[in-house]
Amino acid sequence: MENIALIESFSEFKDDKFIDRVTLMSILEDVFRNALKKKFGSDDNFDIIINPDKGDLEIWRNRIVVGDGEVEDDNQEISLTAARRIEPDFEVGEDVSEEVKLIDLGRRSILALRQNLISKIHEHDNTNIYKQFKELEGEIYTAEVHHIRHRAIIMLDDEGNEIILPKDRQIPSDFFRKGENVRGVIESVELKGNKPSIIMSRTSPLFLEKLFESEIPEVFDGLITVKKVVRIPGEKAKVAVDSYDDRIDPVGACVGMKGSRIHGIVRELGNENIDVINYTNNIQLYITRALSPAKVTSIKMNEEGSRAEVMLRPEEVSKAIGRGGYNIRLAGQLTGYEIDVFREGVEEDVELTEFSDEIDSWIIEEFSKIGLDTAKSILEQDSADLVKRTDLEEETVNEVLRILKSEFED
């Protein structure tokens, strides 16, 4: 294969991989020098001239002329007789430049050289992809579903880059078909070997925050700040927003008339219920707002500043706790406080942990998960509803109710 033909066959990489001229020349020279080292033992005395645009390549070996029979290093020295075959007037001590054809390297070396070049260009391409997506971490990105697997969805963007959406980063109600466009936030980018691994997430709180930025102009412009986002993906989310301009109602601006602005975000997240609340430094007021839609009667903070005892009217308790205990759990995550709910007008009650000698700890934990941690908070619930809201059997729930009732009857 002639030098020119070989260079022309490499031009496809420049077009396909968008490698700039300087980088391509550097990669080509590095690959050729490696081939020369393997063939001649050293490349120090070689000049490589590459012109990718014209498609030509020249390799010149420089050697010193020595007397016949005095050659000690074939790569560095050339005998006077051999030098005069190139140019008849060479003398001992002069430098001789002789062009080396790639075909002189041998067919195997040329094939290895091409493979090495492909590897170097892929490595360069992967490094650029890694840098590109590393800068996009935490940003919304769109890609097309290419392959659906049990544990992940493999997607491709417009440039053919592979994006992975793992099962545990998908909203439970997500259902995608091949060819469908999917939005998510770039969660992490890592180099595994020489290949970048790009992970997308739709369950991250950051995805919801970035959706607010993209869908609500005042957030994008910085007039409204998203202070914190907490989520139970596909179920419920709470978003605290603030504005430094008193003329702007941050909640109203985010929700829009009749929910018009937030509707697109809710739909994107599989009808996730989103509560938008006004952020405030007044922690008691912040907790009150976080427990919305429940109306709080009063709040008592403990001395350590980590727990809040919230008093509500009996009819407000279920609203504060929410379906599956989601509301109170998210309110605690949003404010950073452990929230204990108490019913107004109920003076006598007993912590559920007091019954640990009669009720197994794992059963007490199941009730605690849905915000029920006192005897009366459970007795006020319907047994059928308790079965639905917990992972407990009907027989177990009825036995717990019997034990608690007997306490108050006594």
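Reading the values: the criteria
- Residues numbered from 1 in each chain as written.
- Predicted model: local features only at pLDDT ≥ 70, side-chain atom pairs only at ≥ 80, totals over all residues.
- Heavy atoms only, no water.
- Pairing = 2+ DSSP bridges.
- Helix = DSSP H or I, 4+ residues; strand = E, 2+ residues; numbered from the N terminus.
- Axes fitted to C-alpha atoms, helices over the stretch in contact; angles between N-to-C directions.
- Contact = heavy atoms within 4.5 Å.
- Patch = residues over 30% accessible without salt bridge, like charges linked within 9 Å, V, L, I, M, F, W, Y side chains within 5 Å.
- Areas by Shrake-Rupley, 256 points an atom, 1.4 Å probe, with all protein chains shown as cover.
- Salt bridge = Lys/Arg side-chain N within 4 Å of Asp/Glu carboxyl O.
- Lys, Arg positive; Asp, Glu negative; His and termini not counted.
- Charge placed at Lys NZ, Arg CZ, Asp CG, Glu CD.
- Buried < 20%, exposed > 50% of the residue type's maximum accessible area, 1.4 Å probe, protein only.
- Parallel < 35°, antiparallel > 145°, perpendicular 65-115°, else oblique.
- Nonpolar A, V, L, I, M, F, W, Y, C, P; charged D, E, K, R; others polar.
- Core = buried A, V, L, I, M, F, W, Y, C linked by side-chain atoms within 4.5 Å.
- Arc of directions from axis to C-beta.

### Brief notes about the sheet that holds strand E14 (residues 307-312)
Next, step 1: The strand order E13-E14-E15 describes an open sheet built from 3 strands, whose pairing is mixed. A single partner strand is all that each edge strand has here, and the edge strands are strand E13 (296-301) and strand E15 (338-343). Across the sheet, the mean angle from the axis of one strand to that of its neighbour is 25°, orientation sign disregarded.
Next, step 2: Pairing of E13 with E14, which is carried by 5 bridges, proceeds in the antiparallel orientation. What sits directly across from Ile299, in E14, is Val310.
Next, step 3: Docked against the sheet, helix H10 (residues 314-321) engages E14 and E15, running at close to 135° with respect to E14.

### Let's talk about the sheet that holds strand E11 (residues 236-243)
Next, step 1: Reading across the sheet, the 3 strands line up as E10-E11-E12 and stay open at both edges, with mixed pairing between neighbours. Both edges of this open sheet fall to strand E10 (224-232) and strand E12 (273-278), since each of them pairs with a single strand only. Pairwise comparison of adjacent strand axes, ignoring direction, gives a mean angle of 20° for this sheet.
Next, step 2: Where E10 meets E11, 8 bridges bridge the pair, whose relative direction is antiparallel. Considered in E11, the bridge of Val226 is made with Val241.

### As for a negative patch on the surface
Next, step 1: A contiguous patch of negative charge on the surface is contributed by Asp68, Glu70, Glu72, Asp73 and Asp74.
Next, step 2: One can find Asp73 in the loop between strand E2 (56-66) and strand E3 (77-79).
Next, step 3: Note on Asp73: relative accessible area 33%, which makes it partly exposed.

### Section: the packing of H10 against helix H11 (residues 326-335)
Next, step 1: Interaxial distance between H10 and H11 falls to 5 Å at its minimum, and their mutual angle equals 70°. Classified by the interaxial angle, the pair formed by H10 and H11 is roughly perpendicular. Counted together, Lys319, Ala320 and Ile321 of H10 and Tyr326, Asn327 and Ile328 of H11 form the full contact between these two elements.
Next, step 2: Each residue belonging to the contact of H10 with H11 can be placed in one class, and the counts come to 4 nonpolar, 1 polar and 1 charged.

### So, the pairing of strand E8 (residues 181-192)
Next, step 1: Relative to E8, strand E5 (residues 140-148) is paired through 5 bridges, and the arrangement is antiparallel. Its bridge partner lying in E8, Tyr141 is registered against Gly184.
Next, step 2: Direction of pairing for E8 relative to strand E9 (residues 195-201): antiparallel, over a ladder of 7 bridges. Each bridged residue has a counterpart across the sheet, and for Ser188 the counterpart in E9 is Ile199.

### Section: the nonpolar core
Next, step 1: Within the largest apolar cluster, 43 residues are counted, with the highest numbers of intra-cluster contacts made by Leu291 and Phe367.
Next, step 2: If sequence neighbours within four positions are ignored, Phe367 has contacts with Leu352, Leu372, Ile378, Leu386, Thr390, Leu392 and Val400.
Next, step 3: Core analysis: the next-biggest nonpolar cluster, separate from the first, contains 24 residues, Leu211, Val239, Ile248 and Ala253 among them.

### Considerations on the environment of Gln132
Next, step 1: On the secondary structure map, Gln132 appears in helix H4 (residues 107-134).
Next, step 2: Sequence separation between Gln132 and Val189 is 57 residues; the distance between their C-alpha atoms is 9.7 Å.
Next, step 3: Apart from residues lying up to four places away in sequence, Gln132 is in contact with Tyr141, Glu159 and Asn161.

### A few points about helix H8 (residues 260-268)
Next, step 1: Along H8, the positions that sit buried rather than exposed are Ile262, Ile265, Val266 and Glu268. Mapping the buried residues of H8 onto a view down its axis gives an arc of 160°, with all of them on the same face.
Next, step 2: Looking at the packing, one finds that the buried side of H8 touches E8, helix H5 (205-215), helix H7 (250-255) and E12.
Next, step 3: With its phi angle positive at about 70°, Gly270 sits one or two positions after the end of H8.

### Some points on the environment of Ile277
Next, step 1: Checked against the element boundaries, Ile277 lands in strand E12.
Next, step 2: For Ile277, a relative accessible area of 6% corresponds to the buried category.
Next, step 3: Measuring from C-alpha to C-alpha, the distance between Ile277 and Asp242 comes to 8.6 Å, with 35 residues separating the pair along the chain.
Next, step 4: Setting aside its immediate chain neighbours within four residues, Ile277 contacts Val239, Ala240, Val241, Val251, Tyr286, Arg289, Ala290 and Leu334.

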